[in-house]
Each structure stands twice: as structure tokens, then as C-alpha cells.
Amino acid sequence: MTEAHPVGHMIVCGGDSLTHRLALELIHLYRERVTLIIPSLEDGHGPQLAALAREDGSVTVIAGRGPDETTLLAAGVEQATALALTMDDDSAVTQAALLAQGLNPRLRLVVRIFNSTLGQRLENLLNLVARDTSGSATLLSASDTATPALVSSAVPGRNQVIPIDSGTFSVVEQSLFEPPGPGIELALLAPRSDHAVGSGDAPLNTLLPSPAQVAAADSFGTRAVLRLRHDPDEPERPRSRIPRIPVGALFSRRLRLAGLAVATLITMLSVATWLVTRNSLPFSFYLVLMDVFGLGNPAVGAPLARQVLQLTAAFTGMMIMPLVLALVLENLGALNTATTLNRPLRTVADHIVVVGLGKVGTRVLEHLTDLRIPVVAVERNPDAPGLAQARDRRVPVVIGEISDPAVHRAARIARCQTLMALTSNDSVNLEAVLFAREQRPDLRVVLRLFDDSYASTVYRALRASYPQAPTRSRSVSYLAAPTFAAAMMGRQVLAAIPVERQMLLVATLTVRGRVALTELTVGESFRPGGWRVVAIQAPDGRLDWNPAPERLIEPDDRVIVVATREGLGLLLQRDAARLAPVPAPAPFPFLGAPQPGAAPQPGAAPQPGAAPQPPAPPQPLPGAPEPPHSGRFRRGGLPVPPLPRLPRAQPDAPYPPINEQELHADSRRVVARQRREREEVRPGGQPEAPQSEAVPQSEEPTR
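This structure is a prediction, so every number in the text was calculated from the model and none was measured.

**Digging into the overall build of the protein chain**
Part 1: Check the secondary structure of the protein chain and you find 20 helices and 25 strands.
Part 2: Here the protein chain, with 703 residues, has 47% of them falling under the buried criterion.
Part 3: Taking contacts inside the protein chain between residues at least 6 apart in sequence as the whole, the part at least 24 apart equals 75%.
Part 4: A total accessible area of about 34300 Å² is found for the protein chain, and carbon and sulfur atoms account for 57% of it.

Okay, structure coming up:
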């Protein structure tokens, strides 16, 4: 019995970079019909999302609306398979998730949420409601998904660790001259070049190489080999963070040195008193303390040496009083500043500077502090939400612009090991990196950038100007979108492994119903450049790491695969033979609907009464080698289809103007029509109570 797949299109609600990346994944890699609900056609990534509807007939865009009941019904939520809520507002996505589940209990929900505590409780609630249906709910955080890859790029010499059910996976970079050791080859890293930058359109590194490619690798075309290793030990649990007394804040370095000097002087006076009076050493120490604190007991009739020591001890006591007063005053000042931000110490060195304490910067800061790596944060907004987390973890913070020389000196960037520019503005991140490189040309930098071409241009320019300085550019949406897309397909992505400007994914899959895996050996299922089975979990839960090539993959097994984005998209594509025709969503303020009498576009929703059209076959990558026509790449006499192509995401492109007045006029007409239809089909034949127009005539278009 093959695995049953739900039927219907998919809905994505949002308007930022993650929405853009997720839409590209679903459309081009998974060949799904997608309806996009975006808040604006002009703000954020609205123009790019609107352009998808013009370029691809399988995309519908509903503009200027939020995920309310009317909009979700117009988007066809009752017939949809999955809904992704990617808005950057925890309260809004919570309300929309509960509403959508009430409209379609069989819906597969994928919700983006930042508050992990709220997310866990909301996920439990949604899954509890959907336990009697085929629906499910998965709550993800884009910042949590991208943080491990960002941290591994920032910390030199630290391997990326991927927790699994039976141990951990470690990503290790090895030179060709080192012994291979245990592990699976993930990629052959090409030599660094100032003019060659690897990306999805122009691969530079060889991902998931075949054994022949690994054997033929040499030092001229390969810099290193990226391997995946398995550790059978369970991942170490994070240590409980017990509140510690801030000794460094209560007692400054100068105060500690002064106290040490006074203690040394008292010890010397006690030894001298013991030698002069021939009393015991404890009694001599007692006499000195009596003299120091002025408690009497004058040395009348004692030898001259004893009287001199008593006077010296008295003067020492006079010096202790100002020291005690300074201690009290400094403690009061430290307690007053305990609720404010810490300042970096003058002696801090080999730390990581995190620029921007937004959601991504806050998660990176938490991860670094859990690893016991010193961190200094720079934030220009004194009311940023991440400052509270920095205060709780006693991370030093500098408020100001990173391009300010005073802020640069206060953050001790001249002595740090890595600068991470993690704001949501590409220009601000680039400015921070360029200013830091001017001050220190060999500084290791990690940039958060969205646009592929922009990131490639920046990387190439920085490599050419500073060839000896490590430069890494990462996109949070690029790292997080595969996880959200796989969750909409009902699968789990364990981790994203960045390989320069490319990426590999570690995912768990069920074997049943997948022709590329079922009843094949591990060696036969391996597709170089696409996917590779690295572990098999039998029905009894036993995990077989790096199974032998002749091991047969059973239909009831679960496998852990390492795949490229295109390879995972091909593995998770739903079988077209099991897809029933789904009616197109009702017209609304949208783009991309098929015109009456027009020929259907490839991938478009079928017209009423028309025969269902199978999805268009995926197109191969330009210049990509054809799959070998051997027996192991054939199922039923047909070769495995070529890998789909994920186009580059461009944030700025010349899009034609949009007539918003016509779109909102359509909106008012559709709302009125839907109200009439609901009145006609209402049980009992009683008309519904009149409601106010969702979009009044006098209302201005929502922007």
C-alpha cells in the first residue's frame, strides 16, 4: 500500500524575504500550485511576489489583505493541503493559525514564530485539536533554523554539530593530504578565487560527489573535502545556568589589587610582631588586627620595635577606612548598573562582535553564550528587544552606530576574532564590514545578505581587496526556506549545511511511496549532485549509520538523506497520478488568474470541466550532466527525471506598474458575491444577517 498524499494547493501568507524564498521553493522545486496572501503590492517583497503570478500560471496573489476569514476562504483554504504563515508577528500568526484550523481541520499548518515558549504550547494545542484528523501543525523559527550555520561560519575551527535521535552528526573540513578516516564525502571544495563565486546558478564546489570524483580529486582543483561524521554518543545537554554573583562587577580590578596590598602588609606586620615579641603567630596576628582597627591595647612598656610596629599598624588601619568606603560606594554603583547594560572590559580579546540585536542577532548571541564564547554586541537602537536578553546573560553591549570610531573602540573590534553583521538591512551590514576592514584588514567577517547577485558581488569585491581575510555571507531566508518548504510537504529538515554560496540539507524521509528509494540498494539510490542516504532507521528504531552500498532499502524504513535543494525538491514532489484536480481559488484582489478563453499555462490550476493537466516536467540545470542511463537510475524502464532548477531571488527588478484601483474594485465585487452565495446555501434557508462591507467604497486602498 503506497503512502497517501493529501490533495490540494498550498497557501503562503506573508510579504518578506522568507515568503519570497518559500514561494520559489514550492513553485520551482516541488511543482506545487501556490496562492500567496501578501499585505501590499509595493512594500517589502510585494513586487517580486506579484511578478511570480505574471511569470507562472500556477501562482495566484491576493494583495492588500491579511489572513482573515474572508481572505482565507477566497484563497481556497478549505481545499488546500498546507498553509504557511510567515508573518513576523507572533500574535498575528497565532490568531491566523487557530482560524485556519477551524476552517480546515485537515490542513497542514506551518507557522513562523519567535517566542519558543509560546510556540511549543501553541503547537501542542493545534496538534491536540487535529489529532482526530489528518492535519498537523509545525511551528518553526527562521532565526533558530539559521543560527547553527551562522555560528559555525563565525567561529574558526568549530564544526557544525547536528543532533539526531541516536547521536550527532559533525561536519568536518579536511585537507586532501590528511588521512580520510570515517565519514561520508559531502563536497569537494574548489580553490578560493577572487573572481569565481559558487552559487545555485554557477556551482563552484562539487556537492555530493561520486566515488570516482573523490578518487580523481587533486590539489589543483580541490582545496579540501567536506565530510559528515557520526558520533554515537547522545548530544550533551546544555548546562543549567545557575545565577552567579557578579564578582567582577562588585569588585573592580583596582579595588582587588588594593585589597591584596593591604592583606600583604597585615601579613608582614604579623610575622614581624611574632619575631619581636616571641608570642605565637596567631596571637601576633590578633595583636596586629587590634592595632589596625584601633581597638586599643597600647604597647606600654613593650620594646621599641613593638611600639613601632603598633604605630605602623595604626596607620595601616587609617588607610583601610577609605578603602572600605570606596568598596561601599562602588558596590552601590555596581548594583545601580546591574539592571542596565554592561560595558566591554578593556582586557576583552578574541571575542565575537555581533552587530544588530534583532531576532537573528539575539538567537546568535544566545548560541554563542551557551558555547562559552565571549561576545560583545553593538546595537544602535536603545529600545531593541534583544537588549533584555543581553542583560540577562551579562553580555557587554555598546549602543551606537558601528561606523562610529568611538563605538569601534568601545567594542574592541581591533582585538576580536570575528565580526558578524546581522541586521535586516543589507546596506548597513556592508557598511559595518567595510568600516571594520578599513581598521583591520585581516578581520574575519560574516554578513547577512539576501540578494544572491548582490552577495556574490560583495563577496568577490571583498576577496579581491582582502585576499587573506575570511569572508562569509549568509542569508537567513535562504537557510530557513527549505525547512519551511519541507514542513509543508510533511517532512522534517534536521539542518542546513552551508557550502560557500551553496547549501546541503539533512532530512528524514519515509521510504514508502518514493520510487527513487523503494526496493533499491543504498548504492543504487545514490544520485551524485542530488541526494545520498547516510543512515537507515529500521521499524524497530535501530539506526544504521553509513550503510553498506549493497544494503536493501525496505519500504517500511525511514532514511536520513543529505541532499541539495534541487535533490530534496525532486524527492518530495508529490506523484502527479495521485493528484486530483483542485478548483482555482475564487477571484479576489489577485494577480495571475487565467483569462477566459486563454490557453492554460504550464502548471496552472485546471479550468472547470477540463481534464487535469499533469505538472510540467522539471527543466535541467544549464550545463548539468545528464543522469546515467544505467539500471540503477531507472524505474520501470524510465530514467530518473532531471533535477529541478531554483531560480535566483532578485529583490530589485523592473516590474510593470500595478493598477490598485481595479484590484480593490474586484475585491468589493467578490466580497458581495461571496456573501450572496453563503446566504443561498445557508442551512434552513434563512438568510444571514446583513454584514458591513469588508472594503467600503470610501476606504483608501490598504498599503
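Now that the structure is up, let's keep going.
**Some details on helix H19 (residues 565–572)**
Part 1: Counting buried positions over the 8 residues of H19 gives 8, a clear majority of the element.
Part 2: Three or more residues of H19 are buried, namely Arg565, Glu566, Gly567, Leu568, Gly569, Leu570, Leu571 and Leu572.
Part 3: Considering only its buried residues, H19 is in contact with helix H1 (17–29), helix H17 (476–488), strand S18 (492–499), strand S19 (502–510), strand S20 (531–537) and strand S22 (558–564).

**Quick notes on the pattern of salt bridges**
Opposite charge on two side chains lets them pair, provided their charged atoms get close.
Part 1: If you walk through the whole model with that rule in mind, you get 14 salt bridges.
Part 2: Arg363 serves as the salt-bridge partner of Glu366, at 3.3 Å between the closest nitrogen and oxygen. Here Glu366 pairs with Arg363, and both are found in helix H12 (residues 359–370), just 3 residues apart, close to one helical turn. Arg363 matches Glu366 in its accessibility class, with the two residues each being buried.

**Thoughts on the sheet that holds strand S7 (residues 160–164)**
Part 1: Taking strand neighbours across the sheet as the criterion, the 5 strands line up as S7-S8-S11-S9-S10 in an open arrangement whose pairing is antiparallel. A single partner strand is all that each edge strand has here, and the edge strands are S7 and strand S10 (206–207).
Part 2: Examined bridge by bridge, strand S9 (residues 184–189) and S10 share 2 bridges and lie antiparallel to one another. Looking across to S10, one finds that Ala187 is bridged to Leu207.

**Structural notes on the packing of helix H4 (residues 90–103) against helix H5 (residues 116–129)**
Part 1: At a closest axis distance of 11 Å, the pairing of H4 and H5 adopts a crossing angle of 5°. Taken together, the axes of H4 and H5 are roughly parallel relative to one another. Facing Asp90, Thr94, Ala97, Leu98 and Gln101 of H4, the residues of H5 in contact are Leu118, Leu122, Leu125, Leu126 and Val129.
Part 2: Partitioning the contact of H4 with H5 into residue classes produces 7 nonpolar, 2 polar and 1 charged.

**What to know about the nonpolar core**
Part 1: If you look at the biggest cluster of nonpolar residues, it comprises 84 residues, and the most contacted ones within it are Leu36 and Leu368.
Part 2: Among the elements that take part in this core, H17 stands out by supplying 10 residues, more than any other.
Part 3: Excluding residues that lie within four positions of it along the chain, Leu36 makes contacts with Val12, Ala23, Leu49, Leu52, Val59, Thr60, Val61 and Ile62.
Part 4: By size, the runner-up hydrophobic cluster in this structure holds 27 residues, among which are Cys416, Leu419, Leu449 and Val458.

**Focus: the pairing of strand S16 (residues 444–448)**
Part 1: Along S16, 5 of the 5 residues are buried, which leaves the element largely enclosed by surrounding structure.
Part 2: Covered by surrounding structure in S16 are Arg444, Val446 and Arg448 together with Val445 and Leu447, the residues of both alternating faces.
Part 3: With 4 bridges connecting them, strand S15 (residues 418–421) and S16 associate as parallel partners. What sits directly across from Leu419, in S16, is Val445.
Part 4: At this point the chain moves from S15, through helix H15 (residues 426–439), to the parallel S16, and the crossover so formed is right-handed.
Part 5: When S16 meets strand S17 (residues 471–474), the two strands line up parallel, connected through 4 bridges. Residue Val445 lies in a different strand from S17, and its bridge partner there is Thr471.

**A short note on unusual backbone geometry**
Part 1: You will see that Asp350, though not glycine, has its phi angle at about 55°, which is positive.
Part 2: Structurally, Asp350 can be placed in the loop between helix H11 (304–336) and strand S12 (352–355).
Part 3: Residue Asp350 is classed as exposed on the basis of its relative accessible area, which comes to 55%.
Part 4: Within the chain, Arg394 stands out as a residue other than glycine whose phi angle is a positive 55°.
Part 5: By the secondary structure assignment, Arg394 is in the loop between helix H13 (386–392) and strand S14 (397–399).

**Structural notes on the sheet that holds S14**
Part 1: Strand order in this open sheet of 6 strands is S14-S13-S12-S15-S16-S17, and the pairing throughout is parallel. Two strands bound the open sheet, and with one partner strand each, they are S14 and S17. Sheet twist, expressed as the average angle between the axes of neighbouring strands with direction ignored, equals 15°.
Part 2: Running over the sheet, H12 touches S12, strand S13 (375–379), S15 and S16 and is turned about 160° from S12.
Part 3: Packing of H15 onto the sheet brings it into contact with S15, S16 and S17, and relative to S16 it is tilted by some 170°.

**Quick look at the side chain of Arg444**
Part 1: You can see Arg444 is positioned in strand S16.
Part 2: Although Arg444 is buried, it makes no salt bridge; Glu173 carries the closest opposite charge, 7.9 Å away.
Part 3: At 3.0 Å, the side chain of Arg444 forms a polar contact with the backbone oxygen of Ser153.
Part 4: If sequence neighbours within four positions are ignored, Arg444 has contacts with Ser153, Ala154, Pro156, Gln417, Thr418, Leu419, Pro470 and Arg472.

**Topic: the packing of aromatic side chains**
Both the distance between ring centres and the angle between the ring planes are used here to describe each pair of aromatic rings.
Part 1: Scanning the model with the defined rule gives 1 aromatic pair in all.
Part 2: Sitting over the face of the ring of Phe114, Arg363 holds its NZ or CZ atom 4.1 Å from the ring centroid.
Part 3: For the cation-ring pair, Arg532 lies above Phe526, with the distance from its terminal atom to the ring centre recorded as 5.0 Å.

**What to know about the environment of Ala272**
Part 1: Among the secondary structure elements, Ala272 is positioned in helix H9 (residues 253–277).
Part 2: Its relative accessible area of 23% is what places Ala272 among the partly exposed residues.

**So, a nonpolar patch on the surface**
Part 1: Judged by side-chain polarity, Val271, Trp274, Leu275 and Leu281 come together as a nonpolar surface patch covering roughly 340 Å² of accessible area.
Part 2: In terms of residue count, the dominant contributor to the nonpolar patch is H9 (3 residues).
Part 3: Along the chain, Leu275 falls in helix H9.
Part 4: For Leu275, a relative accessible area of 48% puts it in the partly exposed group.

**Thoughts on the side chain of Gln502**
Part 1: Relative to the elements of secondary structure, Gln502 occurs in strand S19.
Part 2: Here Asn205 takes part through its backbone nitrogen, which lies 3.1 Å from a polar atom of the side chain of Gln502.

**What to know about the confidence of the model for the protein chain**
Part 1: Here the protein chain averages 75 in pLDDT, and 72% of its residues register 70 or above.
Part 2: Throughout residues 1–6 the model reports pLDDT below 50, and contacts reaching past four residues in sequence, or to other chains, amount to 14 contacts.
Part 3: Counted against residues more than four places away or in other chains, residues 576–589, with its pLDDT under 50, gives 45 contacts.

**What about H12?**
Part 1: For H12, which comprises 12 residues, the first-to-last C-alpha distance of 17 Å matches the rise-based estimate of 16 Å (1.5 Å per residue) to within 8%.
Part 2: A large share of H12 lies buried, amounting to 9 of its 12 residues.
Part 3: Of all the positions in H12, only Val360, Gly361, Thr362, Arg363, Val364, Leu365, Glu366, Leu368 and Thr369 are classed as buried.
Part 4: Where H12 terminates, the next one or two residues include Arg372, which has phi positive at roughly 60°.

Reading the values: rules and limits
Residues numbered from 1 in each chain as written. Predicted model: local features only at pLDDT ≥ 70, side-chain atom pairs only at ≥ 80, totals over all residues. Heavy atoms only, no water. Helix = DSSP H or I, 4+ residues; strand = E, 2+ residues; numbered from the N terminus. Buried < 20%, exposed > 50% of the residue type's maximum accessible area, 1.4 Å probe, protein only. Contact = heavy atoms within 4.5 Å. Areas by Shrake-Rupley, 256 points an atom, 1.4 Å probe, with all protein chains shown as cover. Salt bridge = Lys/Arg side-chain N within 4 Å of Asp/Glu carboxyl O. Pairing = 2+ DSSP bridges. Axes fitted to C-alpha atoms, helices over the stretch in contact; angles between N-to-C directions. Parallel < 35°, antiparallel > 145°, perpendicular 65-115°, else oblique. Nonpolar A, V, L, I, M, F, W, Y, C, P; charged D, E, K, R; others polar. Core = buried A, V, L, I, M, F, W, Y, C linked by side-chain atoms within 4.5 Å. Right-handed = clockwise from strand over helix to strand, strands pointing away. Lys, Arg positive; Asp, Glu negative; His and termini not counted. Polar contact = N/O pair within 3.5 Å; in protein donor to acceptor, adjacent residues only side chain to side chain. Phe/Tyr/Trp six-rings, centres within 6.5 Å; stacked < 30°, edge-to-face > 60°. Lys NZ or Arg CZ within 6 Å of the ring centre and 35° of its normal. Patch = residues over 30% accessible without salt bridge, like charges linked within 9 Å, V, L, I, M, F, W, Y side chains within 5 Å. pLDDT = per-residue confidence, 0-100. Expected span 1.5 Å × (residues − 1).

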